[in-house]
Amino acid sequence: MRQDQVCDAHPELIRAARNIGSPATIACPICAEPELRLVTYVFGPRLPAHGRCVSTADELAKLDARPDELTAYVVEACVGCRWHHLLRVLPVGRRTAPVRATS
Ligand SMILES: [Zn+2]
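Residues numbered from 1 in each chain as written. Predicted model: local features only at pLDDT ≥ 70, side-chain atom pairs only at ≥ 80, totals over all residues.

K.L.:
Lay out the pairing of strand β5 (residues 84-93) with the relevant residues and their values.
P.N.:
The pairing of strand β4 (residues 69-78) with β5 spans 9 bridges and is classified as antiparallel. By the bridge assignment, Val74 is partnered in β5 with Arg88. The hairpin turn running from β4 into β5, its antiparallel successor, is 5 residues long, and Arg82 in that turn takes a positive phi close to 70°. (Pairing = 2+ DSSP bridges. Helix = DSSP H or I, 4+ residues; strand = E, 2+ residues; numbered from the N terminus.)

K.L.:
Tell me about the nonpolar core, and name the residues and values.
P.N.:
Among the nonpolar cores identified, the biggest contains 19 residues, and Ile14, Ala17, Cys28, Val39, Val42, Ala77 and Cys78 are the most heavily contacted of them. Of all the secondary-structure elements, those providing two or more residues to this core are α2 (11-20), β2 (36-43), β3 (52-54) and β4. If one sorts the elements of this core by residue count, β4 sits on top with 5 residues. Filtering out sequence-adjacent residues up to four positions away, Val39 remains in contact with Leu13, Ala16, Ala17, Gly21, Cys53, Val75 and Ala77. (Core = buried A, V, L, I, M, F, W, Y, C linked by C-beta atoms within 7 Å. Buried ≥ 20, exposed ≤ 12 C-beta atoms within 10 Å, placed from the backbone. Contact = placed C-beta atoms within 7 Å.)

K.L.:
Report on the pairing of β4, specifying residues and quantitative values.
P.N.:
Relative to β4, β2 is paired through 8 bridges, and the arrangement is antiparallel. Paired with Val39 across the bridge in β4 is Val75.

K.L.:
Run through α2, naming residues and quoting values.
P.N.:
Listed in full, the buried residues belonging to α2 are Ile14, Ala16 and Ala17. Looking straight down α2, one finds that the buried residues subtend no more than 160° of arc, so they occupy a single side. Seen from the buried face of α2, the exposed residues on the opposite side, beyond 90 degrees, are Pro11, Glu12 and Asn19. Looking at the buried residues of α2, the elements they touch are β2, β3 and β4. (Arc of directions from axis to C-beta.)

Written out as structure tokens, the structure reads:
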């Protein structure tokens, strides 16, 4: 695969990666620079069509507490060469009332 085919991250994604992305533990596989960041986007009802960019664990926990069925996409993005890759997809939300012991 040619580099210009995989290094086409949207400027918004790169901006998010630079500003709020959490550092990845590995270097970029394309340019080998330690510029790789992880960015999490959550999609679902009552969220923007392009997804909500989540920057803190607290924010994610709040979304996770929603009754809606949401999906989080964790994307690796390189600030150096704009390579990006969908790392994982996680179910978020759809919480029912907390289960408590009633003894
Ligand atoms: Zn790179």
